[in-house]
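Listed below are the residues making up each chain.
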Amino acid sequence: DRAAAMTAAALGAKQLLLLSNVKGLLRAYPDESSLIRTVKRAELGAAAEVAQGRMKKKVMGAAEALEGGVLQVVIGDARVGRSISLAMAGEGTVFQ
């Protein structure tokens, strides 16, 4: 995830998709009804505190991508059909 963030920043990407085995960043893992829909730059520290396990690296990667100039990062659900299209449409947790 962090390498993807660095690559996206280096390529000047506008959006980075990070797919996971959950809907996105969850306020109370594993309760998927606790999905955090949006994280603003000023909220990155709080998001990092909420993240657990491997999600910490995804949140760190999202922060690094934004710092590198990527406009939007979406952590989306890889378990569903059309996961890439859904993530591109903002389904999951959107960092901006």
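Above this note sits the structure.
Let me begin by describing the structure that accompanies this report. (Residues numbered from 1 in each chain as written. Predicted model: local features only at pLDDT ≥ 70, side-chain atom pairs only at ≥ 80, totals over all residues. Heavy atoms only, no water.)

Before going further, it helps to examine the overall build of the protein chain. Each helix and strand in the protein chain was counted, giving four helices and four strands. The N-to-C order of helical and strand elements in the protein chain reads α-β-β-α-α-β-α-β. Against the compact-globule benchmark of 12 Å for 96 residues, the protein chain has a radius of gyration of 12 Å, which places it among compact chains. In the protein chain, once contacts between residues fewer than 6 apart in sequence are set aside, the share between residues at least 24 apart is 65%. Of the side-chain charges in the protein chain, 13 are positive and 9 negative, and the distance between the mean point of each set is 3 Å. (Helix = DSSP H or I, 4+ residues; strand = E, 2+ residues; numbered from the N terminus. Rg over C-alpha atoms; globule rule 2.2 N^0.38 Å. Contact = heavy atoms within 4.5 Å. Lys, Arg positive; Asp, Glu negative; His and termini not counted. Charge placed at Lys NZ, Arg CZ, Asp CG, Glu CD.)

Attention shifts here to the environment of Arg27. Position of Arg27 relative to the elements: it lies in the loop between strand E1 (15–20) and strand E2 (38–39). For the pair Arg27 and Val74, spaced 47 residues apart in the sequence, the C-alpha separation amounts to 16 Å. Leave out the neighbours within four places in its chain, and Arg27 touches Ser34, Ile36 and Val50.

A word on the environment of Asp77. Residue position: Asp77 is located in strand E3 (residues 72–77). Classification of Asp77 by relative accessible area gives buried; the value is 11%. Sequence separation between Asp77 and Val59 is 18 residues; the distance between their C-alpha atoms is 15 Å. Setting aside chain neighbours within four positions, we find Asp77 in contact with Leu19, Ser20, Asn21, Val22, Lys23 and Ser83. Side-chain polar atoms of Asp77 contact the side chain of Arg79, separated by 2.8 Å. (Buried < 20%, exposed > 50% of the residue type's maximum accessible area, 1.4 Å probe, protein only. Polar contact = N/O pair within 3.5 Å; in protein donor to acceptor, adjacent residues only side chain to side chain.)

Strand order in the open sheet made by the four strands is E1-E3-E4-E2, with mixed pairing throughout. If you trace the sheet from one side to the other, it starts and ends with E1 and E2, each paired once. Judged from the two bridges that link them, E2 and strand E4 (residues 93–95) form a sheet pairing that is parallel. Directly across from Thr38, in E4, lies its bridge partner Val94. The sheet strands contacting helix H3 (residues 55–67) are E1, E3 and E4, and the helix crosses E3 at an angle near 155°. (Pairing = 2+ DSSP bridges. Axes fitted to C-alpha atoms, helices over the stretch in contact; angles between N-to-C directions.)

Our focus in this paragraph is unusual backbone geometry. In this model, Tyr29 is joined to Pro30 through a cis peptide bond whose omega is 5°. The residue Pro30 is located in the loop between E1 and E2 in this model.

These figures come from the coordinates and say nothing about function on their own.
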